[in-house]
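Observations on chain architecture
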Amino acid sequence: MNIEKRTHYCGELNKNNVGEKVILLGWVRRQRDLGSLIFVDLRDRSGIVQLKFSQEKNPEEYFVGKKLRSEFVIGVEGEVFFRGEKDINPHLPTGEVEVLVSKMEVFSEAETPPFSIEDEAIINEELKLQYRYLDLRRPFQNRRIQLRHKLTQTVREHLSKEGFIEIETPFLTKSTPEGARDFLVPSRLRKGTFYALPQSPQLFKQLCMVAGFDKYFQIVRCFRDEDLRADRQPEFTQIDIEISFPTEKAIMEISERLLLKVFKEFSFEVSLPIPKMSYKEAIERYGSDKPDTRFGMELKSVEHIVKEGNFGVFLKAIENGESVRAIAIPKEGLISRKELSNLEEMVKPFGVKGVVAIQRIDGKPKGSQVKYLGEDASNRILDFMRVEEGGTALLVASPYLSASTALSQIRLYFGKLLKLYDPSKHSLLWVHKFPAFEWSMEESRWVSIHHPFTMIKEEDIALLEKEPEKVESIAYDIVLDGNEIGGGSIRIHNPDLQKKIFKTLGFTEEEANQKFGFLLEAFKYGTPPHGGIAFGLDRLCMLILCCDSIRDVIPFPKTTSGLCLMTSSPSEVDQDQLKELKIKIEKE
């Protein structure tokens, strides 16, 4: 059989092809032996079509067909027939037709797979990742990767039409650890030195602006050696965009046009126009800089009420400059002792020691702490939080940001549990006006909230030396249903200001030159104002396709501990390789 003469993919056939001679290639999904007739479902990336082997019409192919088993790879030649009204399969796009096989070739036999190659198969996650190539044969999983391709092509075509130039930047570059940890690559030719895999193309895309390309984009792999979650991987893909002479408004408009094009291609409906919210407002109302605005349950500060009560925990917190914040839970989320204990475990990672619950039962405040707070203060809290009969006010005491973040987790938990939003409805939000810096207890210095190359408000430059916590950056994130899908900023293009930022971050002049000297040097030769944004392609794809994890839309992902179960990596390497690189491994 001449494989090059494949005429159709399986999923393309329909009643319009009746009477045509076709050549199909693919995998046997299943075989059904009905005596003088054998039926085989043939699968390829496009879908499934039914083959028919007739003992009467083609005995030689019929007897070969009797030996076919699941996942054999075959090629067939035959004629397309209408199945007949009573035999139509309404669940298949090709369900009206079948192919009567006249010729067949078996290219490859297959052992029984470790799991069923069916959409509905329930598979252990580790087994699925170990045999990922088989998991990807399942039609819905295969379709996800094809839709990812559609997403990347839509992005490429749209940005190219808007005048952007796709430019590849290096994977082997300089280690500039400012944020997540770098993956290091030892150099054989310059022993004792290392490349780093890029956490993002940040510096190179800025240099593209120095070079005069004006509009740059790249669909690029990035690498971060950080702890993983359902929406993070050590290697990931982002849609990277940079332009010269921008404003924040211009980049937002470019981003919105791109997203709306993508959403239209996938029939993914979002509400417009896209609202904006400052970082300060997002934390105050939702406790998060990436709030899900599809439902309410907003946070409020209640220090002005609890300070009039007698609850020592809250009074001490206020005395120490901490916050007491609250959230109202609807009556459907009645809080039992067990539930309260679960909530306390939920907030512990954010440095919050406990959660106080005040319920409104028969119009009165109920809860173990009401006697300490006082009935009057408890009633005022319920009224202030607009808690209805049967509902609950949950309070936490902690530094403002940790209290807000903890309640944000509780808000998301109950929002999903109580189905307070329609999952088919989607909400976009711009969050901007971020602080430029935050204090790192671990490093005992100021660190950048976005990155060190983010432009700050001109009127805040005077605050850099003595009040960096008050400095506002010109940075912006875009949020979809409580998930950050993109973030960017206007960049610094003045070398003197860039040096001041490095100084605020605790870099000596020598350290700044060692790590970023090439950028400062480039800025000497005429640098346009520039800025950009990057979208997480994996996360965007995950949300558009309604998947639970970005692993579902990455062809060969790692586990949450960074392992590739299929290739057993990371793994030890040959001692001769280490010797050549002058590397010694210290045993723990």
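The sections below set out a description of the structure shown in this document. Quick caveat: nothing in here was measured; it's all calculated off a predicted structure.

Take helix α13 (residues 400-417) next. The first and last C-alpha atoms of α13 sit 26 Å apart over 18 residues, in line with the 26 Å expected at 1.5 Å per residue. Taken as a whole, α13 has its buried residues at S402, A403, S404, A406, L407, S408, I410, R411, F414 and G415. Contacts made by the buried residues of α13 are with α7 (279-286), β13 (323-329), α10 (337-347) and β16 (392-398). Trailing α13 by a residue or two, K419 shows a phi angle of about 55 degrees, which is positive.

Reading across the sheet, the 5 strands line up as β12-β13-β16-β14-β15 and stay open at both edges, with antiparallel pairing between neighbours. In this open sheet, the two strands that pair with only one neighbour each are β12 (300-301) and β15 (364-366). Strand direction decides the pairing type here: strand β14 (residues 356-361) and β16, joined by 4 bridges, are antiparallel. Paired with I358 across the two strands is A393, which belongs to β16. Where α13 meets the sheet, its contacts fall on β12, β13 and β16, and the angle it forms with β13 comes to roughly 10 degrees.

On to the side chain of R325, then. Along the polypeptide, R325 turns up in strand β13. Residue R325 is classed as buried on the basis of its relative accessible area of 0%. In terms of polar contacts, R325 uses its side chain to reach the side chain of S404, at 2.9 Å. Look past the residues within four positions of R325 in its chain and what remains in contact with it is I283, E284, L299, K300, S301, L394, L395, V396, Y400, A403, S404 and L407.

Glancing now at empty space enclosed by the protein. Taken as a whole and judged by the stated rule, the model has 1 cavity of 30 Å³ or more. Approximately 50 Å³ is the volume attributed to the largest cavity. Around the largest cavity sit A436, F437, S448, I449, H450, H451, P452, T454, I456, S473 and I501, which together line it. Considering only residue class, the lining of the largest cavity consists of 6 nonpolar, 5 polar and no charged.

The next point concerns the packing of α7 against α13. Relative to each other, α7 and α13 sit at 60 degrees, their axes nearing to 8 Å. Judged by the inter-axis angle, α7 sits oblique to α13. Side by side, α7 and α13 meet where Y279, I283, E284 and Y286 of the first sit next to Y400, L401, S404, S408 and R411 of the second. Taken together, the residues of the contact of α7 with α13 sort by class into 5 nonpolar, 2 polar and 2 charged.

Our next topic: the layout of surface pockets. Take a probe with the size of a water molecule and roll it over the atoms, and the empty space left behind shows itself. The volume enclosed by the second largest pocket comes to roughly 900 Å³. Forming the boundary of the second largest pocket are 25 residues, of which F183, L184, P570, S571 and V573 lie nearest the centre. Listed by contribution, the elements that provide at least two residues to the lining of the second largest pocket are β7 (183-186) and α17 (575-580). In the lining of the second largest pocket, the residues fall into 12 nonpolar, 4 polar and 9 charged.

This brings us to the side chain of N58. As for its position among the elements, N58 is in the loop between β3 (47-54) and α1 (59-65). For N58, a relative accessible area of 18% puts it in the buried group. When neighbours within four sequence positions are excluded, N58 is seen to be in contact with L100, V101 and S102.

Quick look at the environment of V347 now. Along the chain, the position of V347 falls in helix α10. When its relative accessible area of 0% is taken as the criterion, V347 is described as buried. Discounting residues that sit within four places of it in the chain, V347 has contacts with V352, V355, A406 and I410.

What counts as what
- Residues numbered from 1 in each chain as written.
- Predicted model: local features only at pLDDT ≥ 70, side-chain atom pairs only at ≥ 80, totals over all residues.
- Heavy atoms only, no water.
- Helix = DSSP H or I, 4+ residues; strand = E, 2+ residues; numbered from the N terminus.
- Expected span 1.5 Å × (residues − 1).
- Buried < 20%, exposed > 50% of the residue type's maximum accessible area, 1.4 Å probe, protein only.
- Contact = heavy atoms within 4.5 Å.
- Pairing = 2+ DSSP bridges.
- Axes fitted to C-alpha atoms, helices over the stretch in contact; angles between N-to-C directions.
- Polar contact = N/O pair within 3.5 Å; in protein donor to acceptor, adjacent residues only side chain to side chain.
- 1 Å grid on protein atoms, 1.4 Å probe; cavity = no way out; pocket = protein on both sides within 12 Å on 5 of 7 lines; lining within 4 Å.
- Points joined across faces, edges and corners; volume = space filled by probe spheres on them.
- Nonpolar A, V, L, I, M, F, W, Y, C, P; charged D, E, K, R; others polar.
- Parallel < 35°, antiparallel > 145°, perpendicular 65-115°, else oblique.

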